[in-house]
Amino acid sequence: MKAKEKYAEIFFLGCATVSILALLLIFLFLFANGLPAIGEIGLWNFLTGTSWRTADTPPSFGILPMIVGSLYMTAGAVLIGVPVGIFTAIFLAFMCPRWMYAFLKPAVNLLAGIPSVVYGFFGMVVIVPFVRTISLHLTGGGSGASILSAMILLGIMILPVVINISESALRAVPESYYQGALALGASHTRSVFFVVLPAAKSGVFASVILGLGRAVGETMAVVMVAGNQPRMPEGILRGARTLTANIVIEMGYATDLHRHALIATGIVLLIFILLINIIFTFITRRSRENA
Amino acid sequence: MRKPIDIFLFCLTWGFAALTLISLLFIIIHVLINGIPHLTPTLFERRFTTDNVSMFPAIISTIFFVLLTLLMAVPLGIFASIYLVEYVKKGSKIVTLIRSATEMLAGIPSVVYGLFGMLMFVEFFGFGWSLISGSLTLTVMILPVVIRTTEEALKSVQGGYREGGFALGAGKLRVVFRIVLPSAIPGILAGVILAIGRIVGETAALIFTAGTIPQVPQELTQSARTLAVHMWALSAEAHHTNEAYATAVILLLIVLGINTASAVIARLITAKTK
């Protein structure tokens, strides 16, 4: 009887360590296959090279255009998604009539559940033609598959993350803050915006970081709307390529060094995500300590 | 009493909330209006041909992927959570390590999972582009979801249940499997449903692990495409836009079903704890 209990505990521990094992394997396989390529290309050339021409002789593998492309589109997504998300969270937490909440909250969850291909397809048939029209008026050309299209689409896609996490951060602020503000003569709106919102700032900030992570890591939706030209971004009405898109577009036919350079692109992406995760953990830990 | 800034912020809040709702409604209505008319019976015929891009094989394959992945991820996730909640001593180092690893896994983008699955399952293990490679990759991907929700579910089981079990002379294993786990089922189910949503919506992790062949796989080592991958493949070809709309309708319906199911379960849980 005792032995059985002991074995069971060891078995459960074994299952629990699968997470660690999986993480180690992901790093192992990516680094083992990607690092040699970085060595061959040269870390500096790889990270700061501005041209990605895999068919040339000799080929050039510089991923700076993709790094900048990812940064552009992520920044745009945050610029669009975060204000809308935070205000919607405030609306849900403090201004929404109950009957409307019962409708709006599931709507936000539905937005979170829509697959990225569906978003990408929507972007392709609605946002891209819309941006094409703008682009025609402004510059007299452009296909619409552009950084701007990706920004708009990613802005919508990060909404649920920003809304849900900000909303719970706002709700976690003690009721007394709000009541105290009211007692001092502040209006409802003022209390919410100038007392409760600042008190929830680390949670709200955490939601932004998480949204950032979503935007950097998004692949299929971006591929479908961003144009994907591997060149340095030349304005938001022109196309550009992200790190994620680089992998998905070329992995199907890449061989040898090209293929390993794509895996190395994955390593760079992974490091970006890790940095974002570390910042996120840091913020949530600090907010937990403050609470 | 109302100052301009109050009115301004008030309008801004309502406006942005409306914008969120409008975005969602626009996406859904647009897809439904353009998709439903193209949901013809031929799209559900048993075989996929280049003339009739039937989504039937993709639907069956999606079910296979979901079942196979859950079969691996759910027991593994539940056992892992049992360890984390029931067996661990307070302040143990290994738990912090496991938690951080799980959190980190949750943040990794699906395209990186795709690369990993390709390198490990497809090539290193030699499974090729197949049902099994895809499912194994998805298993690693949804493991954090299952662990996190199961952990919450187990934690919410009151301590008195366990103590009652021990007091009656039951061993730890018995208490865990006969008392704690059954009371945690709704919470675990919520996690499983969330995981199904992730699997159904996934594309980037599957393209280079499961391939994109539109067939019903007969063996674990055969390639297959899920509905999401099917839709991606269709939208890449300009002349299949209508069929892509129709597939989007089915995907939206699945998501709607999943969200409804998890809302119902959430209501069950809160009703129980009250």
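Just so you know, these numbers come straight off a predicted model, no measurement behind them.

Caption draft 1: Fine view of the overall build of chain A. Across its full length, chain A holds 13 helices and 2 strands. In terms of overall dimensions, chain A has a C-alpha envelope of 75 × 75 × 30 Å along the principal axes. Relative to its full complement of 291 residues, chain A shows a buried share of 54%. For chain A, the share of sequence-separated contacts (at least 6 apart) that also reach a separation of at least 24 residues comes to 72%. When the accessible area of chain A is evaluated, it comes to approximately 12,600 Å², of which 68% is carbon and sulfur surface.

Caption draft 2: Spatial organisation of the side chain of Glu202(B). Residues and elements named next belong to chain B. Mapped onto the elements of the fold, Glu202 is located in the loop between α7 (172-201) and α8 (204-207). At a separation of 3.1 Å, a polar atom in the side chain of Glu202 contacts the main-chain amide nitrogen of Ala205. With residues near it in sequence (within four places) discarded, Glu202 still touches Ser110, Leu138, Met141, Thr226, Ala228 and Val229.

Caption draft 3: Region of interest: the interface of chain B and chain A. Taken together, the contact pairs 72 residues of chain B with 75 residues of chain A. Here chain B meets chain A over a buried area of about 6,700 Å², counting both sides, of which 83% is carbon and sulfur. For the pair chain B and chain A, the interface holds 2 salt bridges. Ionic pairing is found between Glu123(B) and Arg259(A), a salt bridge with its closest N-O pair at 2.4 Å. Summed over the shared surface of chain B and chain A, the number is 8 residue pairs in polar contact (both at pLDDT 80 or more).

Caption draft 4: Spotlight on the pattern of salt bridges. Residue and element names in this part refer to chain B. Applying the stated criterion across every chain yields a total of 11 salt bridges over all chains. When the shortest N-O distance is used, the salt bridge between Arg99 and Glu151 registers 2.4 Å. Note that Arg99 is positioned in helix α3 (residues 93-107) and Glu151 in helix α5 (residues 131-155), a separation of 52 residues in sequence.

Caption draft 5: The environment of His30(B), seen in detail. Of note, His30(B) is situated in helix α1 (residues 4-35). A relative accessible area of 16% means that His30(B) is categorised as buried. Spatially, the C-alpha atom of His30(B) lies 9.3 Å from that of Tyr245(B), the residues being 215 residues apart in sequence. With near-sequence residues (within four places) excluded, His30(B) lies in contact with Phe122(A), Val125(A), Val126(A), Leu25(B) and Tyr245(B).

Caption draft 6: Expanded view of the packing of helix α2 (residues 56-87) of chain B against α5(B). All names here are of chain B. Where α2 meets α5, the closest approach of the two axes is 6 Å, and the angle between their N-to-C directions is 40°. For α2 against α5, the interelement crossing comes out right-handed. Class assignment of the residues belonging to the contact of α2 with α5 gives a composition of 22 nonpolar, 7 polar and 3 charged.

Caption draft 7: Region of interest: the nonpolar core. Counting residues in each nonpolar core, the largest one holds 185 residues, and the members touching the most others are Leu30(A) and Tyr119(A). Ranked by the residues each element gives to this core, the list is headed by helix α4 (residues 64-95) of chain A, at 15 residues. Lining this core are residues from two domains, each supplying at least three of them: domain 1 (1-37) and domain 2 (52-273) of chain B. Apart from residues no more than four positions distant in its own chain, Tyr119(A) is found in contact with Leu111(A), Ile114(A), Leu153(A), Ile156(A), Met157(A), Ala221(A) and Ile27(B).

Definitions and cut-offs
Residues numbered from 1 in each chain as written. Chains lettered and ligands numbered in written order. Predicted model: local features only at pLDDT ≥ 70, side-chain atom pairs only at ≥ 80, totals over all residues. Heavy atoms only, no water. Helix = DSSP H or I, 4+ residues; strand = E, 2+ residues; numbered from the N terminus. Buried < 20%, exposed > 50% of the residue type's maximum accessible area, 1.4 Å probe, protein only. Contact = heavy atoms within 4.5 Å. Areas by Shrake-Rupley, 256 points an atom, 1.4 Å probe, with all protein chains shown as cover. Polar contact = N/O pair within 3.5 Å; in protein donor to acceptor, adjacent residues only side chain to side chain. Buried area = accessible area lost by both parts, 1.4 Å probe. Salt bridge = Lys/Arg side-chain N within 4 Å of Asp/Glu carboxyl O. Axes fitted to C-alpha atoms, helices over the stretch in contact; angles between N-to-C directions. Left-handed = near helix turned anticlockwise from the far one by under 90°. Nonpolar A, V, L, I, M, F, W, Y, C, P; charged D, E, K, R; others polar. Core = buried A, V, L, I, M, F, W, Y, C linked by side-chain atoms within 4.5 Å. Domains from an automatic or database assignment.

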